[in-house]
Each structure stands twice: as C-alpha cells, then as structure tokens.
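Structural overview for review
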Amino acid sequence: PIDLEILWNRLVLVVDEAAYAIIRTSMSKVVVEGRDFGSLLLDPQGRLLAADVSVASKTGTISIAVKEILKHMPAKSFRPGDMVATNNPWWIMGHLNDIAVVAPLFHRGRLVAFAECMAHMADIGGSLSGAPREVYEEGLIIPPLKIFERGRENATFFAMLQANVRVPSQVAGDVRALAAGCAVMERKLSEFLDRHDLPDLADLGATIRTRSEGTM
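This write-up is about the structure you can find in this document. Fair warning: this is a prediction, and the values are worked out from it, not measured in the lab. Starting from 1, residues in each chain are numbered consecutively following that chain's sequence as written. Local features in a predicted model are, by the rule used here, given only for residues with pLDDT of at least 70; side-chain atom pairs are given and counted only at 80 or more, and totals for whole chains, interfaces and linings are based on all residues. To obtain the side-chain values, all non-hydrogen atoms of the structure were included, while hydrogens and water were left out.

1. Quick word on the state of the cysteines
Rules: Our working definition of a disulfide is a cysteine sulfur pair at a distance within 2.5 Å. Type-normalised accessible area, obtained with a 1.4 Å probe on protein chains alone, sets the label of each residue: buried when under 20%, exposed when over 50%, and partly exposed for intermediate values.
Overall, the coordinates contain zero disulfides when judged by the stated rule. Left without a disulfide partner, C117 is nearest to the cysteine sulfur of C182, which lies 3.8 Å away. What makes C117 buried here is its relative accessible area of 0%.

Shown next, in the form of structure tokens:
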C-alpha cells in the first residue's frame, strides 16, 4: 500500500509538471490566469490514469479523444516526436474553442502511454455578429492532424490555423504550449519509469483503474 501511494502520487506529479510547463509557455490570459486548460496521462488504449486539477470540468467531461484518434491513426503508426491536434467538440469539451494536443509517449522504444494537453483558445474564428446556428458557424474545425511528425513542426498546419483566427500569435503560441506540455510529460514519465525500474505502466495502471472504479 505504501509503494502504491508513492507511485500514484509521483505519477500525478508527472502530469502536474506538464501543466506547469503549459502555464510557463502559454501566451494567453485564458490559460495563465484563467487556468482554462488540462493535462492528462492515459494508457496505450486511451484510458485515463492521472490528471492535473486546473479546471475540474476538463477532467470530468473528457476524454475519448485518444480512443477516437486511434481509430484514425493506429498505435503502430506513431513514432517518437509525433503529436496530433483536434478540436472535435464531441470528443473533447463540447465546443470548438478547446484544442487538444495528443502525443504518444515512448520509453526505451516502446509506446507506454499517451499525453493529452488541451486548452480553451482565445479565439477559433467563426461569426461574432450573431449566435451560431450550426457548428460550421462556430469557427475552425480541426480533424485529427499531425502537427509534429518525429519532432518536426507541421508549418502548413500552423499557417492554416493562424489564417483563421483573430489573435494568431496567441492561438498558435498556446498550441505550441500544449505541445511543450506533452514533451515534458514524456520526459518526466521516462524518468519515473527508470527511477522505479518499471518497464511500462501496465500493472500500475490496472491497479489505479481498479481502485478508482471501486472508490467511485
């Protein structure tokens, strides 16, 4: 029980480190002051293992994003340094302003988890002259797209994003902040696994899920 408590709390700290990185690198008050963002650690099947506590609703309503992305992009297609972005409102929080960045996390060459960092953007385009009547009027829709591939930024994606929002520097900067959070989570998770001589999160993750479900 003592080992489990230590490991579980240190795993939450890995996610908190990612959240701190997002706050430090964000360019908008929505994230820095409003804390309208979230960071999650999920297993290779997209099941939640740990989350930060920036905004409780971010954890309470998400996330099937990783599970849905895996239907479009099989796990075997991911490589270290890949990151995917989407703002599908049915997968994440319910409106287009929330963008999620999902990254596969590798340890010693093996896929061991997924990071998901998401935040409310200062703008996502769309109409301001009246209440939107359909999702197409709410702003830019981002299907699952690789915004980093093997660590290399997809310049086409960021050019498209910036051309469709009113505060391009803030929005692009916040997406990059989410990517930074994912990168920090991968580094810290690898350090965690090495420190405790764990090959992956399979056993620990199963215990966390079982105990969480029992407590609920």
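2. Section: helix α1 (residues 2–25)
Stated formally: Secondary structure elements follow DSSP: runs of H or I of four or more residues count as helices, runs of E of two or more count as strands, with numbering from the N terminus. To estimate the expected span of a helix, subtract one from its residue number and multiply by 1.5 Å.
Helix length check: α1, at 24 residues, gives a terminal C-alpha distance of 35 Å against a target of 34 Å (1.5 Å per residue), a fit within 8%. Those residues of α1 that sit buried are L4, L7, L11, V14, V15, D16, A18, A19, A21, I22 and I23.

3. Description of the pattern of salt bridges
Where we set the bar: Here, a salt bridge means any Lys or Arg side-chain nitrogen found within 4 Å of an Asp or Glu carboxyl oxygen.
Inspection of every chain in the model, using the stated rule, returns 10 salt bridges. When the shortest N-O distance is used, the salt bridge between D43 and R209 registers 3.1 Å. Pair noted here: D43 is in the loop between β1 (37–42) and β2 (48–51) and R209 is in helix α7 (residues 202–215), with a separation of 166 residues, a long-range link. The salt bridge partner of K188 is E191, with a shortest N-O separation of 3.7 Å. In this pair, K188 and E191 are both assigned in helix α6 (residues 168–195), three residues apart and thus about one turn of the helix distant. Through salt bridges with shared partners, a single network forms among D43, R47 and R209.

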